[in-house]
Amino acid sequence: MKILVTGGLGFIGSHTVVELQKKGFEVVIIDDCSNASENVLKGITAITGITPHFEKIDLKEREKVQSFFKKYKDIAGVIHFAASKAVGESVEKPLLYYENNIGTLVYLLKELSHQQRSCFIFSSSCTVYGQADNMPITEDAPVKPAESPYGNTKQIGEEIIRDTCRVTPNLNAIALRYFNPMGAHPSTEIGELPIGVPQNLVPFITQTGVGLREQLSVFGDDYPTEDGTCIRDYIYVVDLAIAHVKALQRLLKGENTDNYEVFNLGTGKGSSVLEVIESFERVSGQKLNYKIVDRRPGDIVKAYADTTRANEVLGWKSQYTLDQAMKSAWDWERKIRN
Ligand code: UD1
């Protein structure tokens with residue numbers, strides 16, 4: 001079966017392509033390479049022995065999207081990763097984010113709604129919950145006003161899909177709300193490649209570990225948590241990739257009970273910033289240079305997932321520990337800096 005993966009050269013996309021190929025799916029990638037390199041294809045091929053089809057297309061170019069679907073008439077499902085994802089940049093350039101993340105979603109859904117039956121997986125985020133009132137966070141927790149245009153594109157994206165599904169019975173969609181993805185493939189053939197100074201914790205830690213950054217700033221140690229630092233649910237990217245395959249299979253087999261479903265993807269376990277640093281120190285055998293600084297505006301105190309729905313309905317559960325995920329991130333960082 002042929003599966004389209006948009007943004008398939010990106011961090012989560014590339015790991016998902018590998019897991020799809022391992023299950024025998026034929027993968028077609030669309031990527032505009034704005035935040036990823038064609039070299040990722042080599043990494044994927046090195047792991048699975050199969051080079052996915054690749055079309056360099058910017059999804060904003062609607063005619064190209066239309067031609068794509070004319071060329072590949074037999075796409076059985078779409079996993080849609082392609083999106084801009086820098087929170088800070090989205091505040092500076094909101095229209096860029098709405099055009100990239102919302103405009104392209106609308107084009108894709110228009111194409112899919114013409115098909116006899118289509119399956120669509122959407123990359124959403126735990127950011128839709130904001131600071132949830134209860135931990136762990138279930139899918140029924142209310143969606144809170146977004147803190148950034150980026151976060152808003154995830155909320156609006158979910159709404160667009162939900163509304164479209166309501167009037168398009170042949171469209172079957174699942175939104176996956178990721179908590180904090182981290183790590184790299186154990187082969188170190190593919191991993192995270194942040195451009196410039198990383199905004200996310202784990203790549204900042206590993207870059208500090210290899211000496212590319214002098215010091216990690218820990219944003220606040222006066223939060224109402226045990227050690228005073230914020231708590232997140234760090235989920236290994238390979239676990240996350242496997243969940244995409246399970247969600248897709250659910251739709252392809254017609255096992256979904258509604259034509260629009262939502263799942264949290266996390267480990268169910270919260271870790272503080274200091275615990276993540278300790279994990280790095282354990283797996284790398286070296287001390288990390290860090291200092292405590294002021295809080296970062298917009299950060300929430302705590303977010304970790306209730307994963308019961310994904311466990312029971314998708315038959316999926318994260319398998320890797322924080323240390324295993326951290327070890328993969330560290331191995332990857334050292335490989336790409338050599
Ligand atoms: C961030 C985004 C979120 C996005 C997610 C993708 C914000 C406000 N949120 O989530 O929308 O979906 O990434 O992975 O940017 N930290 C430090 N020092 C650092 C970097 C981070 O102490 O240099 C702390 C943060 O304060 C936070 C934790 O580490 O407590 C995780 O931060 P980060 O990796 O940026 O993820 P989120 O903020 O959870």
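Residues numbered from 1 in each chain as written. Predicted model: local features only at pLDDT ≥ 70, side-chain atom pairs only at ≥ 80, totals over all residues. Heavy atoms only, no water.

A. How the structure looks around unusual backbone geometry. Of note, the bond from methionine 135 into proline 136 is cis; its omega dihedral lies within 30 degrees of zero at -10°. Following the sequence through the fold, proline 136 ends up in the loop between β5 (118-125) and α6 (149-167). Even without being a glycine, cysteine 33 presents a positive backbone phi close to 60°. Summarising the element assignment, cysteine 33 is placed in the loop between β2 (26-31) and α2 (40-48). The phi dihedral of threonine 188 is positive, around 60°, even though this residue is not glycine. Mapped onto the secondary structure, threonine 188 falls in the loop between β7 (180-182) and α7 (201-209). (Helix = DSSP H or I, 4+ residues; strand = E, 2+ residues; numbered from the N terminus.)

B. Representation of the pairing of strand β4 (residues 75-80) in the model. Burial of β4 is extensive: 5 of the 6 residues sit out of reach of the surface. Relative to β4, strand β1 (residues 2-6) runs parallel, the two being bridged by 5 bridges. Each bridged residue has a counterpart across the sheet, and for valine 5 the counterpart in β4 is isoleucine 79. Alignment of β4 against β5, held across 3 bridges, turns out to be parallel. Bridging from a neighbouring strand, histidine 80 pairs with phenylalanine 122 of β5. (Buried < 20%, exposed > 50% of the residue type's maximum accessible area, 1.4 Å probe, protein only. Pairing = 2+ DSSP bridges.)

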